[in-house]
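Spelled out, the chains give:
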Amino acid sequence: MNASRDTRERRPARSAEHTEHTEHTEQGLRADRVSRAAGGRIVVDGVSIAPPPGATVGLLGPNGSGKSTLLRLLSGVLAPASGVVTLDGRPLPAYGRRPLARRIAVVEQQADTQVELTVRDVVRLGRVPHRRAWPLGAGGGLGASGTSSEDEAVRTALARTGLADRADQSWHTLSGGERQRVQIARALAQEPRELLLDEPTNHLDIQHQLDLLTLVAELPVTCVIALHDLNLAAMYCDQLVVLNQGRVVAAGPPEDVITERLIAEVYGVRAAVTRHAPDGPDTPGGPGDDAPRTANRPYVRFLGTLPSSPSSPSSPSTSPTPPASSATT
Ligand SMILES: Nc1ncnc2c1ncn2[C@@H]1O[C@H](COP(=O)(O)OP(=O)(O)OP(=O)(O)O)[C@@H](O)[C@H]1O
């Protein structure tokens, strides 16, 4: 895949089928001071996030910091206890299930099914919101032959995720990484304008991690993607949002967010942060054709854990970068 563009210079290139909403689009998906409790405590605490349309926003933070919960709030699967999530200025509950499903695609950490499905069947599920019969009416069943545009979307999604030759394989026989790629393909077949991904590189070997993130970063859609790998996040995301104990503690371009201090305070880890070379093929991130993407982006070497982690619940919350109560850009 071609990784030669700096994603921060990308502009969303809307496909024809996306133009119906053009007048209202530029607000995109936003969370405004959303909070949510689980297990008797606040796990997302007054978070605001406003991904620029077309941008790839990385969601970082330690285990349990609230990333998955925030993604579920952004997708409308969970309702905020306070605050509001809006799409083009309208609260999510004002949308019907179908318009929302056409618009927002979600790739969860784990997906499973008891039903016997092929890879193509699973990817075709991404087309269900676009069918006339909703959710599975006449002609809308899994086995139904789709329209030519449906077939084309499924074919394209399979090809983009390197799964074209697996289309007829049973889902249950796939490896963890292959299943992950099928979920991405399903989301691509959905042709969303907002794509929410929860640690999509889990289970993937390094080549597929890089392929996936290149693909995601180059999509002309708004992506919010929970990641644990700070170097991959710095390479592929236009903006980063760091959560700690449910709060935004840093937000902005990777070079502003990824600092030794942040890594120490949020993760309790000692690190050395350098920059990728401005133009060189010798950058730690890879070969020369990646240079425009990695140029000047932060590169982290982890040196060891610090004696005590400030992210433990008993510690006071920290503001490792200039205090950022929200990720609104
Ligand atoms: N249904 C629930 N009941 C109790 N606690 C919950 C529930 N859902 C989430 N939590 C808690 O909320 C916190 C945030 O969880 P969340 O899955 O959003 O974190 P995360 O940042 O995605 O973590 P990870 O990086 O480990 O995937 C965690 O401490 C989790 O245990």
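Just so it is clear, the structure is predicted and the values come from calculations on it, not from any experiment.

Analysis parameters
Residues numbered from 1 in each chain as written. Predicted model: local features only at pLDDT ≥ 70, side-chain atom pairs only at ≥ 80, totals over all residues. Pairing = 2+ DSSP bridges. Helix = DSSP H or I, 4+ residues; strand = E, 2+ residues; numbered from the N terminus. Axes fitted to C-alpha atoms, helices over the stretch in contact; angles between N-to-C directions. Core = buried A, V, L, I, M, F, W, Y, C linked by C-beta atoms within 7 Å. Buried ≥ 20, exposed ≤ 12 C-beta atoms within 10 Å, placed from the backbone. Contact = placed C-beta atoms within 7 Å. Near = placed C-beta within 6 Å. Nonpolar A, V, L, I, M, F, W, Y, C, P; charged D, E, K, R; others polar. Parallel < 35°, antiparallel > 145°, perpendicular 65-115°, else oblique. Left-handed = near helix turned anticlockwise from the far one by under 90°. Expected span 1.5 Å × (residues − 1).

A. Quick peek at the sheet that holds strand S6 (residues 104–107). Read from one edge to the other, the open sheet built from 6 strands follows the order S6-S7-S8-S3-S9-S10, with strand pairing classed as mixed. Only two strands of the sheet have a single partner each, and these edge strands are S6 and strand S10 (247–252). Each neighbouring strand pair of the sheet contributes to a mean axis angle of 15°, computed without reference to strand direction. As paired elements, strand S3 (residues 56–60) and strand S8 (residues 222–226) share 4 bridges and run parallel to each other. Directly across from Thr56, in S8, lies its bridge partner Cys223.

B. Local environment of the nonpolar core. With 74 residues, the main nonpolar core has Leu59, Leu74, Val123, Ala185, Cys223, Val241 and Val242 as its most contacted residues. The biggest single contributor to this core is helix H6 (residues 176–189), with 6 residues. Residue contacts for Cys223: discarding those within four places in its chain leaves Thr56, Val57, Leu195, Leu197 and Val216.

C. Fine view of helix H10 (residues 260–267). Turning to H10, its buried residues are Leu262, Ile263, Glu265, Val266 and Tyr267. Contacts made by the buried residues of H10 are with strand S9 (239–244), S10, helix H9 (254–257), strand S11 (269–275) and strand S12 (298–305). Directly beyond the C-terminal end of H10, a positive phi value near 65° is found at Gly268.

D. Fine view of the site of the ligand. Residues in close proximity to the ligand include Ala38, Gly39, Val43, Gly61, Asn63, Gly64, Ser65, Gly66, Lys67, Ser68 and Thr69, which together make up its full environment. Broken down by element, the shell around the ligand gets its largest block of residues, 3 residues, from helix H2 (residues 67–75). Here the shell around the ligand is built from residues that sort into 2 nonpolar, 8 polar and 1 charged.

E. Spatial organisation of the packing of helix H5 (residues 148–160) against H6. Look at H5 against H6: their axes get within 8 Å of each other, and the N-to-C directions meet at 140°. Relative to H6, the element H5 lies oblique. Here H5 runs over H6; the crossing is right-handed. Mapping the contact onto sequence places Ala153, Val154, Ala157, Leu158 and Arg160 in H5 and Ala185, Leu188 and Ala189 in H6. Looking at the contact of H5 with H6 residue by residue, the classes come out as 7 nonpolar, no polar and 1 charged.

F. Main features of unusual backbone geometry. Despite not being glycine, Asp88 has its phi angle at roughly 50°, a positive value. Considering the arrangement of structural elements, one finds Asp88 in the loop between strand S4 (82–87) and strand S5 (90–91). On the basis of neighbour count, Asp88 is assigned to the partly exposed category, with 17 C-beta atoms found within 10 Å.

G. Highlighting H6. Over its 14 residues, H6 extends 20 Å from the first C-alpha to the last, a length consistent with the 20 Å expected when each residue adds 1.5 Å. With 10 of its 14 residues buried, H6 lies for the most part within the structure. Three or more residues of H6 are buried, namely Gln180, Arg181, Val182, Gln183, Ile184, Ala185, Arg186, Ala187, Leu188 and Ala189. Tucked inside the fold, the buried residues of H6 contact S6, helix H4 (119–124), H5, strand S7 (194–198) and helix H7 (206–218). Looking one or two residues beyond H6, the residue adopting positive phi is Glu191, at roughly 50°.

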